[in-house]
Amino acid sequence: MITENNILTVTELNLYIKDIFENNPFLSSITLKGEISNFKHHSTGHMYMSLKDETGVIRAVMFKYAASSLDFKPENGMKVIIKGKVSVYERDGQYQIYIERMKRDGLGEKHIAFEKLKAKLNAEGLFDARYKKPLPKYPKKIGIVTAPTGAAIRDILNILSRRFKYSDVLLYPVLVQGQNAAESIVQAIEFFNREKYVDVMIIGRGGGSIEDLWAFNEEIVARAVFASEIPVISAVGHEIDFTISDFVADLRAPTPSAAAELVVPDKRELLDKFNNVLLRMNTCVKRVIENKRMTLKYFEDNSALKNISLKINEKRMYLDSLITSIENSGANILSEKKRRLSVAVSKLDGLSPLGTLSRGFSLSFKEDGNLVKSVSDIKENEKIDIRFSDGSVSAITEKISKF
Amino acid sequence: MKGKNQMAENKDAFEKNLKELEEVVNALEGGDVTLDEMLSLFEKGITLTKNCTNQLDKAEQKINILVKGENDEMIEKEFEGLKEQI
């Protein structure tokens, strides 16, 4: 029966209930464990979330002052232990837990599982250096086992295309976290081995919590990496993250980007190497020809051998023509090199004689091919050949004046 | 399929060229060759260097992704994901 004097407002009721919660000594200080879901970090700094177990859920809030003392970033799926009080938010008529402090739960178990598996596989010899396969120097095709979106694949592809376009890339997209991640990674490794599609593979993902990286600590992944006939580079998380697959892999890269740097050579270094090879060949050949020429000159100057001077002259002309053709082929190659290098390593320009030429300097050669190093090397009315970076000019000296 | 094989052959050629180039330089620097042998080695070295450089300059990286086909078989397709992300 409704009478005027026992009617409450909604707010009055909610406040009454709140009062009961607040004055209950058990509810005003509790310790609770659960898994975070519906996590929201509001722009005001407050954190809103739900805590759940298999059968239940409770709303939770952590105000900015309390959240500021956290030493980790809460995420959905994370297991936590919290201290706080249960009270009522009278506007919504909802009870919820007000979190004062929060710490990670289950890390101890993960750590123990990690160490146990590591010890077991180590005892079996899965980490032994003798099982590590060498990586191909110039891979034709690189298999990548990671998520098709996100920082890891982007970083890897960027670096591969910058360093060495010669290697093709084949991505096997996998789940890198969650319940089916390990299974999915194993499938990819086995696929590449069955099909022999690639000659090296990178397995990995970007950084995340220990739970996020956990697939790479699973035994089935470790065994698949070990069984792989194709060399495997493991690149999981950041530099500080070590996973079991890192230990089993043929090479551990500290990050996915680093894996891309390790798997291919740098094109610029290779081009430098070719340049160096050309210089070495040039030097070598020129030295040998100079030696032969000196030997000929010795015989020519020796009067007892004058009767064969005709033959010697022929030989000398042959050598001269060789020198010219070698200098030409060397110069052609070098100017081509120079064009490429001026793009790639322009700072080296200053060191190269061709760089000097392209800045407007030139070299003068006498008719016998010797470089003019001083005005005293030439006389007036002498033919000289002036070489520029892009061609040469034949000239006759008119007047010689010494500084 | 023919294109694929041809690609693989080209790629083998790069490594083969590099290896030959090393041998040429070693022979030249070893110095134990006649003048004519030396000159043909030199010529070969120049050609090999040019070939290697060309191959590096002209290499086009193919980036593919494996996707499941109708009968669960894996098919190679061009990977477009990176373009979307950038």
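Residues numbered from 1 in each chain as written. Chains lettered and ligands numbered in written order. Predicted model: local features only at pLDDT ≥ 70, side-chain atom pairs only at ≥ 80, totals over all residues. Heavy atoms only, no water.

Participant: Help me out: how do you make sense of the overall build of chain B in this one?
Facilitator: Looking only at helices and strands, chain B has three helices and two strands in total. Across chain B, helices and strands are ordered from the amino to the carboxyl terminus as α-α-β-β-α. Here chain B holds 86 residues, and 35% of them are scored as buried. In chain B, the proportion of contacts linking residues at least 24 apart, taken out of those at least 6 apart, comes to 35%. Within the structure as shown, chain B displays about 5600 Å² of accessible surface, and the carbon and sulfur contribution to it stands at 48%. (Helix = DSSP H or I, 4+ residues; strand = E, 2+ residues; numbered from the N terminus. Buried < 20%, exposed > 50% of the residue type's maximum accessible area, 1.4 Å probe, protein only. Contact = heavy atoms within 4.5 Å. Areas by Shrake-Rupley, 256 points an atom, 1.4 Å probe, with all protein chains shown as cover.)

Participant: Please explain the overall build of chain A as it appears in this structure.
Facilitator: In terms of regular secondary structure, chain A is built from 11 helices and 13 strands. Counting only residues that meet the buried cut, chain A has 39% of its 403 residues in that class. If you take every contact in chain A between residues at least 6 apart in sequence, the share linking residues at least 24 apart comes to 60%. Here chain A displays about 23500 Å² of accessible surface, and carbon together with sulfur accounts for 54% of that area.

Participant: Would you mind showing me how to read the pattern of salt bridges here?
Facilitator: Two side chains with opposite charge may pair up if their charged atoms get near one another. Residue and element names in this part refer to chain A. Throughout the structure, instances matching the rule amount to 22 salt bridges over all chains. A salt bridge links E261 to R162; the shortest N-O distance between them is 3.8 Å. Of the two residues, E261 is situated in helix α8 (residues 256-263) and R162 in helix α4 (residues 151-163); the sequence distance between them amounts to 99 residues. Taking the relative accessible area as the measure of exposure, E261 reaches 33% and is therefore partly exposed. Using a relative accessible area of 55% as the deciding quantity, one classes R162 as exposed. The partner of E229 in a salt bridge is K196, and the shortest N-O contact between them spans 3.8 Å. Within this pair, whereas E229 is found in the loop between α6 (219-227) and β9 (232-236), its partner K196 is found in the loop between α5 (181-195) and β8 (200-205), the two being separated by 33 residues in sequence. Because the salt bridges share partners, they merge into one network encompassing K120, E124, E219 and R223. (Salt bridge = Lys/Arg side-chain N within 4 Å of Asp/Glu carboxyl O.)

Participant: What am I meant to see in helix α2 (residues 35-58) of chain B here?
Facilitator: Three- or four-residue spacings in an α-helix give side chains the same orientation, since the helix completes a turn every 3.6 residues. With 24 residues, α2 of chain B should reach 34 Å at 1.5 Å per residue; the first-to-last C-alpha distance of 35 Å fits that figure. Those residues of α2 of chain B that fall on the buried side of the exposure criterion are L35, M38, L39, L41, F42, G45, I46, L48, T49, C52, T53 and L56 of chain B. (Expected span 1.5 Å × (residues − 1).)

Participant: How should the sheet that holds strand β4 (residues 79-89) of chain A be read in this particular structure?
Facilitator: Residue and element names in this part refer to chain A. Taken in spatial order, the five strands of this closed barrel run β1-β2-β3-β5-β4, and their pairing is mixed. The sheet shows a mean angle of 55° between the axes of neighbouring strands, direction not considered. Bridge count for strand β1 (residues 30-41) against β4 is six bridges, and the pairing is antiparallel. Note on β4: the bridge partner recorded for I30 is G84. Together, β4 and β5 (94-104) form the strand contacts of helix α1 (residues 10-22), whose direction differs from that of β4 by roughly 135°. (Pairing = 2+ DSSP bridges. Axes fitted to C-alpha atoms, helices over the stretch in contact; angles between N-to-C directions.)

Participant: Just to check I follow, could you spell out the confidence of the model for chain A for this structure?
Facilitator: Keep in mind that low pLDDT regions are not for reading the predicted coordinates in detail. Looking at chain A as a whole, its pLDDT mean stands at 87, while 88% of the residues score no less than 70. Within the model, the stretch residues 344-352 of chain A combines pLDDT values under 50 with seven contacts to residues more than four positions away or in other chains. (pLDDT = per-residue confidence, 0-100.)

Participant: It is not clear to me how the packing of helix α3 (residues 107-124) of chain A against α6 of chain A should be interpreted in this structure. Could you clarify?
Facilitator: Packed helices, taken two at a time, are described by their axes: the angle between them and the distance between them. Residues and elements named next belong to chain A. At a minimum axis distance of 11 Å, the contact between α3 and α6 shows a crossing angle of 25°. By the angle between their axes, α3 is roughly parallel relative to α6. Here α3 and α6 pass one another in a crossing that is right-handed. Here L117, K120, L121 and E124 of α3 come into contact with α6, specifically with E219, A222 and R223. Of the residues in the contact of α3 with α6, the class split is three nonpolar, no polar and four charged. (Parallel < 35°, antiparallel > 145°, perpendicular 65-115°, else oblique. Left-handed = near helix turned anticlockwise from the far one by under 90°. Nonpolar A, V, L, I, M, F, W, Y, C, P; charged D, E, K, R; others polar.)

Participant: Honestly, the environment of V264 of chain A in this entry has me stumped. Any pointers?
Facilitator: By the secondary structure assignment, V264 of chain A is in the loop between α8 and α9 (267-301). Among residues more than four places away in sequence, those in contact with V264 of chain A are P139, I142, L160, R163, F164 and S167 of chain A.

Participant: Explanation requested: the environment of E190 of chain A in the structure shown.
Facilitator: Along the polypeptide, E190 of chain A turns up in helix α5. Measuring from C-alpha to C-alpha, the distance between E190 of chain A and E229 of chain A comes to 9.7 Å, with 39 residues separating the pair along the chain.

Participant: Please explain the packing of aromatic side chains as it appears in this structure.
Facilitator: How two aromatic rings sit relative to each other is set out by the distance from centre to centre and by the angle between their planes. One pass over the structure, following the stated rule, counts 13 aromatic pairs over all chains. Summarising the aromatic geometry, the rings of F164 of chain A and Y166 of chain A are spaced 5.1 Å apart at their centres and angled 55° between planes, so their arrangement reads as tilted. For Y166 of chain A, a relative accessible area of 4% puts it in the buried group. Every member of this aromatic cluster is reached through a ring pair, and the members are Y138, F164 and Y166 of chain A together with F14 of chain B. (Phe/Tyr/Trp six-rings, centres within 6.5 Å; stacked < 30°, edge-to-face > 60°.)

Participant: Even after reading the chapter, I still don't get the nonpolar core, so can you show me in this structure?
Facilitator: Grouped burial of nonpolar side chains is what soluble globular proteins tend to show. Grouped together as the largest cluster of nonpolar side chains are 54 residues, with contacts concentrated most on L160, M281 and I289 of chain A together with F14 of chain B. Here this core gets 10 residues from one element, more than from any other, and that element is α9 of chain A. Excluding anything up to four places from it in sequence, M281 of chain A contacts V24, V25, L28, F42, G45, I46 and T49 of chain B. Among the nonpolar cores identified, the runner-up in size contains 38 residues, and L117, Y172, M201 and I244 of chain A belong to it. (Core = buried A, V, L, I, M, F, W, Y, C linked by side-chain atoms within 4.5 Å.)

Participant: Would you mind going over the sheet that holds strand β13 (residues 391-396) of chain A with me for this structure?
Facilitator: Sheets are built from strands that pair by backbone hydrogen bonding, the pairs being arranged parallel or antiparallel. Residue and element names in this part refer to chain A. What the three strands build is an open sheet, ordered β11-β12-β13; its pairing is antiparallel. Every other strand in the sheet has two partners, leaving β11 (363-366) and β13 as the edge strands with one partner each. If you compare each strand with its neighbour and ignore which way they point, the axes differ by 30° on average.

Participant: Can you walk me through the side chain of N17 of chain B in this structure?
Facilitator: All names here are of chain B. With respect to the secondary-structure elements, N17 resides in helix α1 (residues 2-30). By relative accessible area, N17 is classed as buried at 12%. A polar contact is formed between the side chain of N17 and the side chain of Q55, at a distance of 3.4 Å. Among residues more than four places away in sequence, those in contact with N17 are L48, N51, C52 and Q55. (Polar contact = N/O pair within 3.5 Å; in protein donor to acceptor, adjacent residues only side chain to side chain.)

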